[in-house]
Amino acid sequence: MANHLNELLNFLSHYKYLITIVVGLLIVGVFDENSFRMRVKYELQINELKDQIRKYETLNRVDTRKLQELRRNPKSIEKIAREDYFMKANDEDIFVLSTDEAANQDNDNDQEDGTTR
């Protein structure tokens with residue numbers, strides 16, 4: 001038992017700088033809350049948030065243009081009501097063509113069969 005302990009202490013004293021460097025790199029690279037792994041994770045989060053910011057800025061620009069058009073042209077209220085909210089005049093019929101129901105029916109059939117897409 002003492003022989004094994006002496007061998008271990010000899011090994012540790014011989015490679016003490018290498019062991020210190022490896023342990024330090026592990027702490028900095030993996031285990032610390034400011035590690036390289038967390039830094040990469042935060043960079044990915046930042047990129048996702050920047051993409052969302054760009055998307056919402058684009059939506060904001062589009063909505064601002066629509067709002068300005070509404071303020072300038074009263075006929076655009078009717079256009080938006082017809083296109084976005086499917087409103088109609090008293091003397092007309094509206095037919096909405098959509099593939100949503102077909103997709104929902106396909107999903108329902110797949111769930112009954114036990115298959116997924």
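Remember, predicted model here, so these are calculated numbers, not experimental data.

Thresholds, definitions, all that
Residues numbered from 1 in each chain as written. Predicted model: local features only at pLDDT ≥ 70, side-chain atom pairs only at ≥ 80, totals over all residues. Heavy atoms only, no water. Phe/Tyr/Trp six-rings, centres within 6.5 Å; stacked < 30°, edge-to-face > 60°. Buried < 20%, exposed > 50% of the residue type's maximum accessible area, 1.4 Å probe, protein only. Helix = DSSP H or I, 4+ residues; strand = E, 2+ residues; numbered from the N terminus. Polar contact = N/O pair within 3.5 Å; in protein donor to acceptor, adjacent residues only side chain to side chain. Contact = heavy atoms within 4.5 Å. Salt bridge = Lys/Arg side-chain N within 4 Å of Asp/Glu carboxyl O.

1. Remarks on the packing of aromatic side chains
Move 1: Following the criterion strictly, the structure yields one aromatic pair and no others.
Move 2: With a centroid separation of 4.9 Å and 55 degrees between ring planes, the pair formed by Phe-11 and Tyr-15 is classed as tilted.
Move 3: The partly exposed category is assigned to Phe-11, whose relative accessible area is 45%.
Move 4: Relative accessible area serves as the criterion here: at 36%, Tyr-15 is assigned to the partly exposed category.

2. A word on the side chain of Ser-76
Move 1: For Ser-76, the location among the structural elements is in helix α4 (residues 75-85).
Move 2: Classification of Ser-76 as buried rests on a relative accessible area of 5%.
Move 3: In terms of polar contacts, Ser-76 uses its side chain to reach the backbone carbonyl oxygen of Glu-69, at 3.2 Å.
Move 4: Excluding anything up to four places from it in sequence, Ser-76 contacts Glu-69 and Leu-70.

3. What about the pattern of salt bridges?
Move 1: Tallied over the entire structure, the rule returns two salt bridges.
Move 2: Between Arg-54 and Asp-51 there is a salt bridge, and its shortest N-O distance comes to 2.5 Å. Taken together, the residues Arg-54 and Asp-51, both in helix α3 (residues 36-72) and three residues apart, mark about one turn of the helix.
Move 3: Taking the shortest distance from any N to any O, the salt bridge between Arg-72 and Glu-69 comes out at 4.0 Å. One end of the pair is Arg-72 and the other is Glu-69, both in helix α3 and three residues apart, which spans about a single turn.
Move 4: Given a relative accessible area of 62%, Arg-72 falls into the exposed group.

4. Observations concerning the environment of Lys-88
Move 1: Here Lys-88 shows up in the loop between α4 and α5 (100-113).
Move 2: Sequence separation between Lys-88 and Glu-78 is ten residues, and the spatial gap between their C-alpha atoms is 9.0 Å.

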